[in-house]
Amino acid sequence: MTSPSTRLLTTPATESPTTQAKSGGCGCDSSTTVEMDEKLKERIAKHPCYSEDAHHHYARMHVAVAPACNIQCNYCNRKYDCANESRPGVVSELLTPEEAAHKALVIAGKIPQMTVLGIAGPGDPLANPEKTFRTFELIADKAPDIKLCLSTNGLMLTEYIDRIKQLNIDHVTVTFNTIDPEIGAQIYSWVHYKRKRYRGIEGAKILLEKQMEGLQALKEADILCKVNSVMIPGVNDQHLVEVNKYIRENGAFLHNIMPLISAPEHGTHFGLTGQRGPTPKELKSVQDNCAGNMKMMRHCRQCRADAVGLLGEDRSQEFTKDKILEMTPEYDLEQRASVHDGIEKFKEEIKAAKEKASAGKTSANNPKILVAVATKGSGLVNQHFGHAKEFQIYEVDGNEAHFVSHRKIDQYCQGGYGEEATSEHIIKAIADCKAVLVSKIGNCPKEKLQEAGIQTVEAYDVIEKVALEFYEQYVKELGNKE
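This report concerns the structure included in the present document. (Residues numbered from 1 in each chain as written. Predicted model: local features only at pLDDT ≥ 70, side-chain atom pairs only at ≥ 80, totals over all residues. Heavy atoms only, no water.)

Quick notes on the overall build of the chain
Helix and strand counts for the chain come out as 16 helices and 18 strands. In the chain, which comprises 482 residues, the proportion classed as buried is 55%. Total accessible area on the chain stands at roughly 21,100 Å², and carbon and sulfur atoms take up 48% of it. (Helix = DSSP H or I, 4+ residues; strand = E, 2+ residues; numbered from the N terminus. Buried < 20%, exposed > 50% of the residue type's maximum accessible area, 1.4 Å probe, protein only. Areas by Shrake-Rupley, 256 points an atom, 1.4 Å probe, with all protein chains shown as cover.)

Quick notes on helix α5 (residues 129–142)
Here α5 is 14 residues long and its end C-alpha atoms lie 20 Å apart, about the 20 Å a rise of 1.5 Å per residue gives. Those residues of α5 that fall on the buried side of the exposure criterion are P129, T132, F133, T135, F136, L138 and I139. Elements that come into contact with the buried residues of α5 comprise α4 (97–110), β5 (114–119), β6 (147–152) and α6 (157–166). (Expected span 1.5 Å × (residues − 1). Contact = heavy atoms within 4.5 Å.)

Looking at the sheet that holds strand β2 (residues 71–73)
Whether parallel or antiparallel, the strands of a sheet pair through hydrogen bonds between backbone atoms. Taking strand neighbours across the sheet as the criterion, the three strands line up as β2-β8-β9 in an open arrangement whose pairing is antiparallel. Each edge of the open sheet carries a strand with a single partner, namely β2 and β9 (196–199). Sheet twist, expressed as the average angle between the axes of neighbouring strands with direction ignored, equals 20°. (Pairing = 2+ DSSP bridges. Axes fitted to C-alpha atoms, helices over the stretch in contact; angles between N-to-C directions.)

Let's talk about the nonpolar core
Within the largest apolar cluster, 87 residues are counted, with the highest numbers of intra-cluster contacts made by L117, F136, I164, I169, V172 and I247. When residues no more than four places from it in sequence are discounted, the contact partners of F136 are L117, I119, L148, C149, L150, L167 and I169. Listed in part, the 20 residues of the second largest apolar core include V381, A435, A459 and F470. (Core = buried A, V, L, I, M, F, W, Y, C linked by side-chain atoms within 4.5 Å.)

Quick notes on the pairing of strand β15 (residues 390–396)
Each regular strand carries side chains that alternate between the two faces of the sheet. In terms of burial, β15 is largely enclosed, as seven of its seven residues are buried. Burial along β15 is two-sided: E390, Q392, Y394 and V396 facing one way and F391, I393 and E395 facing the other are all buried. Where β15 and strand β16 (residues 401–408) come together, seven bridges link them in antiparallel fashion. If you follow I393 over to β16, its bridge partner there is S405. Between β15 and β16, which follow one another and run antiparallel, lie four residues, and G398 among them has a positive phi close to 95°.

Concerning the packing of aromatic side chains
Applying the stated rule across the entire model yields six aromatic pairs. Both rings, one in Y50 and one in F253, keep their centres 6.2 Å apart while their planes meet at 20°; by these two values the pair is stacked. Here Y50 is found in the loop between α3 (38–44) and β1 (59–62), whereas its partner F253 is found in the loop between α9 (240–249) and β11 (254–259), with 203 residues between them in sequence. Across this residue pair, the class does not change: Y50 and F253 are buried. Here the aromatic rings of Y394 and F403 are separated by 5.8 Å at their centres, their planes lie at 85°, and the arrangement is edge-to-face. Residue Y394 is classed as buried on the basis of its relative accessible area, which comes to 1%. (Phe/Tyr/Trp six-rings, centres within 6.5 Å; stacked < 30°, edge-to-face > 60°.)

Regarding the sheet that holds β1
With mixed pairing, the eight strands of this open sheet are ordered in space as β12-β11-β10-β7-β6-β5-β1-β13. The open sheet is flanked by β12 (296–297) and β13 (308–309), the only strands paired with a single partner. In the sheet, β1 pairs with β13 via two bridges, with the strands oriented antiparallel. Looking at the pairing, M61 lines up with V308 of β13. Seen against the sheet, α9 touches β10 (224–231), β11 and β12 and runs at an angle of roughly 160° to β11.

Here you go:
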């Protein structure tokens, strides 16, 4: 096999993501023992949200065609023209279905590793059925290789299940925060159903009943369902194990437990009333408690409603309405297929490298540690410390290394401005990690990390390989100290 590190080190830094894909992120918890049949594997293989492996290699895009919503969540404030915020419900501009289809074709040509088009707002797609389904019709007709998916609160799911199936929308995400109306009354301000607005427990009960019916309808229609749950400390955090049990027993494929985003400047009810979000440790604990029951998605980036690119990156500002309307679509099915073939071949090389790195490692009772990884995708340690805007967190026990979360950070390299404060923020974000794996790092941040007890590893190779090699060194040094 050609070493990924050797081969990709020769890739010029100016090469586009498309070129890199030719040479060379929802997902399944790697600890699960549930076996998937080949057909199911094929259905999720190129969906970066439903497959943790795919999210390293394939991109998605969201089109903002659905402004209206039929419920008001206390964690949501739908904002427009917010280029610098990255969270659900935020967009820079709204599109018509025709504009959205044009944008999809433009991006499918510019980013051929884009495999999924989703409608996730900024409101609820099924509260805007005409715009939502017209968009899907146009794209399905002109770009048959792009997977279609939508995210919904579930209130109107049963009413549109036949239309969803007719359009071959094979992936649907439902936000399921509770199965207890009393808890729901703390999460939802109001629910608008059949021309009437309901509040409190009454509204939460209507929403829950429709969500439960919708989950069953998806199961009967053989549509893959991912359930999103927002973890709200003191409200539903202890209850999410019950939610997990219910959705597992009623056909959900994947559970995504996300942290509440509640900064006061976002203007949400929870943000303005001081409701905090969970710490990374709290979030991981709940995810771990649910992981033995069903597949967990841990790589969600809580994307904007107009996000474009790999998970963990957002290229939406490259494709604003004024720019894309001047671009001629260069959608080429054969060229896209060729890029995807290249990605699949590269994934096989990565898989072989992982297997080789973990071969023969059967040690028992190894202590588990966390490491932070700077990566631009492709399953590699391939990003400079100073350029990282997030770290992927891997748990390593000597036998294997597997992805458990990601943590957003402020970019360290800012032209000399604010780097002292930024380094403190970064160290705080990864304080529970024993090392940070990067392609390069400067002496100053390296020294600060070492002072904080975090080792640095410079490499350009498969993440699991680098993590396991560090682990061997870490355990050896730990033994020498004892």
